[in-house]
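Here's the letter readout for the chains.
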Amino acid sequence: MPELISYDNGAIWYELRGDGEPLVVLPGGPGMDARYLADLGGLVNHRRLVLVDQRAAGRSAVPEDRNTVSFTAQARDVEAVREQLGLERIDVLAHSAGCLIAQEYAAAHPERVRRSVLVAPVGRVGREPDAVELASLRSGRADQEWYRDAAEADRLIASGGYTGNELRALQRRITPFFWHHWDESRWAEHRPEHATPHPWLRDAFYASSATPDTLADRLARLSAVRSPVLVVAGASDGMIGTAPAHAVAACYEGARLHVLERSGHRPWVEEPARFVEVVAGFLAADTG
């Protein structure tokens, strides 16, 4: 398993899968072990996946300075990965919260990014779900046998006051909302050891989110990126919705948006053939 030492002497682990041209892959969570991405629905047959564990996640080290876990700071680790691979430019695929790191990296190092694939992004410079859309997506599952329990857990989370194991138990109960089709076999996709054990990590990751005072400048910085961008979302994504994906796609000139109709938050699991077709085709296209 390769390891690199990043700019602050922090150890970053990454895993290589498959053959061919490298594709740097950033997981979501934040703080998820990259192994939950598996082979990305068969994308491994088209590209060599470079699955990177974020700092303080998976097999990477926990830094002394928690400020370095913010998504803007973690863009520096992506640059360290590029240097380790010895590549002038890289293709990047990110999922969910990891899309924030990918977008920051492209803005900070536009000359180093060939193409970006942003899968189920949480937003542009922070989380940007549409509460009305999420409520509609979730209430639309009212005919499912699991709905009553998931809806009650959703209500309890929204009421606040839950932490630790109680909160984790509630979050597990709302998991069916995150899929287009839910059955008991989906539990295999949610292994507890893939989640972060650090209760502070989420706040540290999102600490660099834009504020009302910085939002316009931060978005202008992202929109200056000219490398091709593909945004992929699942129409049934009851975790983050499709509104963030639409906002992200609108941020970049010429960006492509594909909403997979029979997918939730992990489209490579629910529609693997279509996911691979869309992503591999985009990555193989001539950049001009």
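Here, the structure is the one placed above.
Note that the coordinates shown come from a computational prediction; the quantities given were computed from them, not determined experimentally.

Student: How would you sum up the overall build of the chain? Please name residues and give values.
Tutor: Tallying secondary structure elements over the chain gives 10 helices and eight strands in all. In terms of C-alpha radius of gyration, the chain reaches 18 Å, essentially the compact-globule figure of 19 Å for 288 residues. With the C-alpha coordinates of the chain rotated into their principal frame, the extents come out at 50 × 40 × 40 Å. Expressed as a percentage of its 288 residues, the buried residues of the chain come to 51%. A sequence separation of at least 24 residues applies to 73% of the contacts in the chain between residues at least 6 apart. Carbon together with sulfur atoms contributes 48% to the accessible area of the chain, which is approximately 13000 Å² in total. With 32 positive and 40 negative side-chain charges, the chain shows a spacing of 0 Å between the two charge centroids.

Student: So, the layout of surface pockets: which residues are in play, and what are the values?
Tutor: Volume-wise, the largest pocket comes out at about 1500 Å³. Taken together, 40 residues make up the lining of the largest pocket; nearest its centre are Gly-29, Gln-171, Ala-195, Arg-202 and Met-239. Elements represented by at least two residues in the lining of the largest pocket include exactly helix H4 (147-159), helix H5 (164-173) and helix H6 (201-206). Among the residues forming the lining of the largest pocket, the class breakdown is 18 nonpolar, 13 polar and nine charged.

Student: Tell me about the pattern of salt bridges, and please be specific about residues and values.
Tutor: One pass over the full model with this rule turns up 23 salt bridges. Among the salt bridges present, the one from Glu-15 reaches Arg-17, with a minimum N-O distance of 2.9 Å. Look at Glu-15 and you get buried, because its relative accessible area is 13%. Across the salt bridge formed by Glu-104 and Arg-221, the nearest N and O atoms sit 2.8 Å from each other. Taken as a pair, Glu-104 in helix H2 (residues 98-108) and Arg-221 in helix H7 (residues 215-223) lie far apart in primary sequence, 117 residues in all. For Arg-221, a relative accessible area of 33% translates into the label partly exposed. A single network of salt bridges, built from pairs that share partners, joins Glu-15, Arg-17, Asp-33, Arg-35, Asp-53 and Arg-59.

Student: Residue-level account of the sheet that holds strand E1 (residues 3-5), with values.
Tutor: Reading across the sheet, the eight strands line up as E1-E2-E4-E3-E5-E6-E7-E8 and stay open at both edges, with mixed pairing between neighbours. Looking at strand neighbours, the two that pair on one side only are E1 and strand E8 (256-260), the edges of this open sheet. Across the sheet, the mean angle from the axis of one strand to that of its neighbour is 20°, orientation sign disregarded. Two strands pair when backbone bridges link them, and strand E3 (residues 22-26) and strand E5 (residues 90-95) are joined in this way by four bridges, in the parallel orientation.

Student: Can you explain the pairing of strand E4 (residues 48-52)? Please cite residues and give values.
Tutor: Where burial is concerned, most of E4 is hidden: four out of the five residues are buried. Sheet analysis places strand E2 (residues 11-17) next to E4, joined by four bridges and oriented antiparallel. From the neighbouring strand, Glu-15 faces E4, where its bridge partner is Leu-51.

Student: Outline helix H8 (residues 243-251), supporting the account with residue identities and numerical values.
Tutor: Among the residues of H8, those classed as buried are Pro-244, Ala-245, Val-248, Ala-249 and Cys-251. What you see down the axis of H8 is that its buried residues fit within an arc of 155°, all on one side. Taken together, the buried residues of H8 touch H2, strand E6 (113-119), H7, strand E7 (229-234) and E8.

Student: Hey, could you go over H2 for me, with residue numbers and the actual values?
Tutor: Counting buried positions along H2 yields 10 of 11 residues, so the element is predominantly enclosed. Within H2 the residues assigned to the buried category are Gly-98, Cys-99, Leu-100, Ile-101, Ala-102, Gln-103, Glu-104, Tyr-105, Ala-106 and Ala-107.

Student: Let's hear about the packing of aromatic side chains: which residues, and what values?
Tutor: Two aromatic rings, taken as a pair, are described by how far apart their centres are and by the angle between their planes. For the structure on display, the rule yields seven aromatic pairs. Relative to Trp-268, the ring of Tyr-36 lies with its centre 6.3 Å away and its plane at 50°, an arrangement referred to as tilted. Taken as a pair, Tyr-36 in the loop between E3 and E4 and Trp-268 in helix H9 (residues 267-270) lie far apart in primary sequence, 232 residues in all. The residues Tyr-36 and Trp-268 share a single accessibility class, namely buried. An angle of 85° between the planes, with centres 4.8 Å apart, marks the rings of Trp-182 and Trp-187 as edge-to-face. The class of Trp-182 is buried, set by a relative accessible area of 9%. Joined through ring pairs, the aromatic side chains of Tyr-36, Trp-268 and Phe-275 make up one cluster. For the cation-ring pair, Arg-115 lies above Phe-282, with the distance from its terminal atom to the ring centre recorded as 4.7 Å. Its guanidinium or amino end placed over the ring of Trp-187, Arg-172 lies 3.8 Å from that ring's centre, counting from NZ or CZ.

Student: Lay out the state of the cysteines in plain terms, naming residues and giving numbers.
Tutor: Enumeration over the complete set of coordinates arrives at zero disulfides. No disulfide involves Cys-99; its nearest neighbouring cysteine sulfur is the one of Cys-251, lying 13 Å away. The exposure class of Cys-99 is buried, given its relative accessible area of 0%.

Criteria and thresholds
Residues numbered from 1 in each chain as written. Predicted model: local features only at pLDDT ≥ 70, side-chain atom pairs only at ≥ 80, totals over all residues. Heavy atoms only, no water. Helix = DSSP H or I, 4+ residues; strand = E, 2+ residues; numbered from the N terminus. Rg over C-alpha atoms; globule rule 2.2 N^0.38 Å. Buried < 20%, exposed > 50% of the residue type's maximum accessible area, 1.4 Å probe, protein only. Contact = heavy atoms within 4.5 Å. Areas by Shrake-Rupley, 256 points an atom, 1.4 Å probe, with all protein chains shown as cover. Lys, Arg positive; Asp, Glu negative; His and termini not counted. Charge placed at Lys NZ, Arg CZ, Asp CG, Glu CD. 1 Å grid on protein atoms, 1.4 Å probe; cavity = no way out; pocket = protein on both sides within 12 Å on 5 of 7 lines; lining within 4 Å. Points joined across faces, edges and corners; volume = space filled by probe spheres on them. Nonpolar A, V, L, I, M, F, W, Y, C, P; charged D, E, K, R; others polar. Salt bridge = Lys/Arg side-chain N within 4 Å of Asp/Glu carboxyl O. Pairing = 2+ DSSP bridges. Axes fitted to C-alpha atoms, helices over the stretch in contact; angles between N-to-C directions. Arc of directions from axis to C-beta. Phe/Tyr/Trp six-rings, centres within 6.5 Å; stacked < 30°, edge-to-face > 60°. Lys NZ or Arg CZ within 6 Å of the ring centre and 35° of its normal. Disulfide = S-S within 2.5 Å.

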